[in-house]
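# Coordinate analysis (summary)
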Amino acid sequence: MAQIHRFRLKPLALAIAATLAAPSGVCAQASSKDAALGEPVLSEVVVPAGAERAEGPVQGYRATRSSTFTKTDTPLREVPASITVVPVDLMKDQGMQSMSDVFRYVPGATGHQGEGNRDQVVIRGNSTTADFYVDGVRDDAQVFRDLYNLERVEVLKGPAGMIFGRGGAGGVVNRVTKRPAFETIRDASVTIGSYSQFRGTLDLGGKASDGAAWRLNGSPLQQGQRGGQCEGGGG
């Protein structure tokens, strides 16, 4: 005689079976219902991969961020000070080779003659040879500074003693150097001019691993003398 076996499902097993059997459209309908009832729905957040950073390169000529005044990555429109940013693209397109070339594009700043072989700038009428910085660190060496390893030059105009300490009342000049990047960088240039001038630049970089990158900058320079010649006009 055949035996009949009866099985009785417990409530938990019934709930699991009903969930697995439910169509995928139920979830979408539930989300629509929550939105209709006024439940908060988070909007999509888009983060651009190539967004400008205060210590990074500028897309084109117009910078939008700076850290010279606030010491943090801040939009320029929120900085309560006058700052002029000269990006590397403008330096290349204008053939700039010195800080004096940069100051020609900075309102309120003028490159001085720099007696004693050193950079000198007049910012808002105040002449200085010591208010130079590299990535926010004081660089008051009495030398001529090259531009081969810079991403940008930022000139903060006005008294800045509260931010940088001792210094002139005209302002400060902050040079932002190139940083390692997780992309292949291969750039070189050669300039040859009168009086035995030779200047080369080299910029190499790339990805070393998933968490490390490297960057190498160099610039050999040779400049001859204009022996016996006087530049300028006579009266």
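What follows covers the overall build of the protein chain. When you go through the protein chain residue by residue, the secondary structure sums to five helices and 14 strands. Here the protein chain holds 235 residues, and the buried ones make up 30% of them. Surface accessibility of the protein chain: about 15600 Å² in total, with carbon and sulfur atoms responsible for 54%.

Before going further, it helps to examine the nonpolar core. Residues Val153 and Val173 are the most contacted members of the largest nonpolar core, which totals 17 residues. Within the residue set of this core, elements represented by two or more residues are helix 3 (88-93), helix 4 (99-103), strand 5 (121-123) and strand 9 (150-157). Here Val173 is in contact with Met99, Phe103, Val121, Ile123, Asp131, Phe132, Tyr133, Val153, Glu154 and Val155, once residues within four sequence places are set aside. Listed in part, the eleven residues of the second largest apolar core include Ala63, Val85, Ala160 and Val172.

The phi angle at Asp135 is positive, at roughly 50 degrees, despite the residue not being glycine. With respect to the helices, strands and loops of the structure, Asp135 is situated in the loop between strand 7 (132-134) and strand 8 (137-138). Phi is positive for Tyr195, which is not a glycine, with a value near 60 degrees. Along the polypeptide, Tyr195 turns up in the loop between strand 11 (185-193) and strand 12 (197-209). Given the relative accessible area of 33%, Tyr195 is considered partly exposed.

All right, on to the sheet that holds strand 3 (residues 82-87) then. In space, the five strands of this open sheet follow the order 3-9-10-7-8, with mixed pairing throughout. The sheet terminates laterally at strand 3 and strand 8, the two strands that pair on one side only. Where strand 9 and strand 10 (residues 171-177) come together, seven bridges link them in antiparallel fashion. For Arg152, the partnering residue across the bridge sits in strand 10 and is Val176.

A separate point is the pairing of strand 11. When strand 11 meets strand 12, the two strands line up antiparallel, connected through nine bridges. Following the sheet pairing, Ser189 is matched in strand 12 by Thr201. The turn joining strand 11 and strand 12, which pair antiparallel and follow one another in sequence, is formed by three residues; a positive phi near 60 degrees is taken by Tyr195.

Here we take up the confidence of the model for the protein chain. Per-residue pLDDT for the protein chain averages 80, and the proportion of residues at 70 or more is 75%. Segment residues 228-235 is flagged for pLDDT under 50; beyond a separation of four residues in sequence, or across chains, it makes two contacts in the model.

If charged atoms from side chains of opposite charge come close, those side chains can pair. Counted by the stated rule, this structure contains 16 salt bridges. Salt-bridge contacts for Asp146 lead to Arg199; the nearest nitrogen and oxygen are separated by 2.6 Å. With Asp146 in the loop between strand 8 and strand 9 and Arg199 in strand 12, this pair connects stretches of sequence that are 53 residues apart. We note that Asp146, like Arg199, is buried. Where Asp203 meets Lys178, a salt bridge forms, and the shortest distance between an N and an O atom there is 3.1 Å.

Basis of the calculations
Residues numbered from 1 in each chain as written. Predicted model: local features only at pLDDT ≥ 70, side-chain atom pairs only at ≥ 80, totals over all residues. Heavy atoms only, no water. Helix = DSSP H or I, 4+ residues; strand = E, 2+ residues; numbered from the N terminus. Buried < 20%, exposed > 50% of the residue type's maximum accessible area, 1.4 Å probe, protein only. Areas by Shrake-Rupley, 256 points an atom, 1.4 Å probe, with all protein chains shown as cover. Core = buried A, V, L, I, M, F, W, Y, C linked by side-chain atoms within 4.5 Å. Contact = heavy atoms within 4.5 Å. Pairing = 2+ DSSP bridges. pLDDT = per-residue confidence, 0-100. Salt bridge = Lys/Arg side-chain N within 4 Å of Asp/Glu carboxyl O.

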